[in-house]
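Secondary and tertiary structure notes
Each chain, written out:
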Amino acid sequence: QVQLVESGGGLVQPGGSLRLSCAASGLIFRLYTMGWYRQAPGKQRELVATITTGGSTNYANSAKGRFTISRDNAKNTVYLQMNSLKPEDTAVYYCNARPSTTSIPPSDYWGQGTQVTVSS
């Protein structure tokens, strides 16, 4: 059974930093593009950042220059380092795993989410 377990969320002041982690199990991690998405109250879920199996990254404009996504295939873990946090970054952050090859089932997986609150 595939599980994605996020951690590292919490309450932080504006300008502060947080590092989110997502530990994956039950899948061949190195074959998945990993991503972070977020959903603020009353808004749709939106992309924050993705990282491919080869390490190529993509960021939402709101995350560029402040957030860094990385992965450790040996630990089956993807990270999101968030710096210079703003109140508008407040949201539930979700980890996503998306197959990068047709040799595995075409199913996306999601974690349960971790709350990030940026407030003074």
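Above this note sits the structure.
These lines cover the structure that appears in this document, whether it is placed above or below. Keep in mind it's a predicted model, so treat the numbers as computed, not measured. The written sequence of each chain sets the order in which its residues are numbered from 1. Selection of residues for local features in this predicted model requires a pLDDT of at least 70, selection of side-chain atom pairs for listing and counting requires 80 or more, and totals for whole chains, interfaces and linings are taken over all residues. Calculated side-chain values reflect all of the structure's heavy atoms, with hydrogen atoms and water omitted.

Outside of glycine, negative phi angles account for most residues, and trans bonds account for most peptide bonds. Even without being glycine, N76 reaches a positive phi, approximately 55°. Take N76: it is sitting in the loop between strand 7 (67-72) and strand 8 (77-82). Residue classification places N76 among the partly exposed residues on the basis of a relative accessible area of 24%. One non-glycine residue, S84, lies in positive phi territory at about 50°. In this description a helix means any DSSP run of H or I spanning at least four residues, a strand means any run of E spanning at least two, and both kinds are numbered starting from the N terminus. Three labels apply to residues, based on accessible area from a 1.4 Å probe with only protein chains included: buried if under 20% of the type maximum, exposed if over 50%, partly exposed otherwise in between.

Another point: the pairing of strand 8. Of all six residues in strand 8, five are buried, a share of seventy percent or more. For two strands to be treated as a pair, DSSP must find no fewer than two bridges joining them. In this structure, strand 3 (residues 18-25) lies alongside strand 8, joined through six bridges in antiparallel fashion. Within the sheet, the bridge partner assigned to L20 lies in strand 8 and is L80. For strand 7 and strand 8, the ladder comprises six bridges, and the chain directions are antiparallel. Bridge assignment links T68 to a residue of strand 8, and that residue is Q81. Where strand 7 folds back onto strand 8 in an antiparallel hairpin, the turn is made up of four residues, including N76, whose phi is positive at roughly 55°.

Once that is clear, we can look at the state of the cysteines. Disulfides are defined as cysteine sulfur pairs within 2.5 Å. All told, the structure shown has one disulfide when counted by the stated rule. A sulfur-sulfur separation of 2.1 Å characterises the disulfide bridge that pairs C22 with C95. With the S-S dihedral at roughly -80°, the linkage between C22 and C95 falls on the left-handed side. Pair noted here: C22 is in strand 3 and C95 is in strand 9 (residues 91-99), with a separation of 73 residues, a long-range link.

None of the figures reported here should be taken as evidence of function without further support.
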